[in-house]
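Coordinates in review
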Amino acid sequence: MTKDQLKYVKPSEKEWLHIWGEKSNVVEKRLFTEEDGLPITVVLQNFPSQKKVVSDEGYKLHSHGALEIGYVIKGHSKIQFEGIGDIAVNPETIFCTPAGMRHALIEAMEETLIILYYYPPYTKPEGLVEETTNLPDTKTEFLIIRPDDREWIHAWGTKTNVAEKRYLTKEDGFPLSFLLRHIPAQKAVVSTEGYKLHSHPALEIGFMIRGGIRVYAEGLGEHEFLEGMIVRNPAGTKHAAIESMSDTMIAVVNIPPFGRTPAIVDKPGAPEEG
Ligand SMILES: [Fe+2]
Ligand SMILES: [Fe+2]
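Residues numbered from 1 in each chain as written. Chains lettered and ligands numbered in written order. Predicted model: local features only at pLDDT ≥ 70, side-chain atom pairs only at ≥ 80, totals over all residues.

Alignment of strand β16 (residues 212-217) against strand β17 (residues 221-226), held across six bridges, turns out to be antiparallel. Its bridge partner lying in β17, Gly-212 is registered against Leu-226. In this structure, the hairpin formed by β16 and β17 is closed by a connection of three residues, where Gly-219 is found at a positive phi of approximately 95 degrees. With five bridges connecting them, β16 and strand β19 (residues 239-244) associate as antiparallel partners. Paired with Arg-214 across the bridge in β19 is Glu-243. (Pairing = 2+ DSSP bridges. Helix = DSSP H or I, 4+ residues; strand = E, 2+ residues; numbered from the N terminus.)

Turning next to the environment of Met-249. Tracing the sequence through the fold places Met-249 in strand β20 (residues 248-255). Among the residues examined, Met-249 registers 17 C-beta atoms within 10 Å and is labelled partly exposed. Separated by 22 residues in sequence, Met-249 and Glu-227 have C-alpha atoms that sit 8.9 Å apart. Setting aside chain neighbours within four positions, we find Met-249 in contact with Leu-180, His-182, Ile-209, Arg-210 and Gly-211. (Buried ≥ 20, exposed ≤ 12 C-beta atoms within 10 Å, placed from the backbone. Contact = placed C-beta atoms within 7 Å.)

Backbone hydrogen bonds hold the strands of a sheet together, and the pairing may be parallel or antiparallel. Ordered in space as β2-β3-β4-β10-β5-β8-β11, the seven strands form an open sheet in which the pairing is antiparallel. Edge positions in the sheet fall to β2 (17-18) and β11 (143-145), since each has one partner strand and no second. For strand β3 (residues 27-32) and strand β4 (residues 41-47), the ladder comprises five bridges, and the chain directions are antiparallel. Each bridged residue has a counterpart across the sheet, and for Val-27 the counterpart in β4 is Asn-46.

See below:
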């Protein structure tokens, strides 16, 4: 399989790694790494509920030689960002940590699951992350976005009932866009007024937060995209959601980034924005 092909990674294909010492008990799954040929690295991190995550044998304040964008899938925690303070993060909070800014998750009030995207991609060392002075020029500032800061927009026409919340867009000046896509259970997502086979000029990386859909993609045929799976969908690959089996939520990253303007599909079968 080449780096330009559609690729799904199932949860069972990746192991949870202990990365920060026994005391912190934090585990990480490296969903996409540099070897996958993507412009970003994608990592899932799980923090058990604990008062003090930063400890002698645990985690420490650190920085990365990459922009780090984190999206909280579940749980309530507190993250310290140097120069900003201790910030509470909750489900559907997104935080953008510029390269070089020191930070640490200091307390997990509840078990917390976060998906993290690093730009440019890099291979994180196992064990405590080292400080870096070699910073990429990503020209981004610290940013935190709460779920109420963004509205749900109908993205694919009224019949499909698919809605998107666009957290990070081209206008925000980041190298990628981040959106949530909500697809309620429905038999025929592709319908005369709905979604159709299409491709994007942008790379798409989708992580299935919950639920599942049936998808058709050129070269792969029909398949299921289920909870915990991540997909690398290269630019130009034709695809379509066919059926949503249950209430579905997908975290979608596009590179280059999508714009803020919703892709309202008002013509029968019109493709979504590229
Ligand atoms: Fe970090
Ligand atoms: Fe698409």
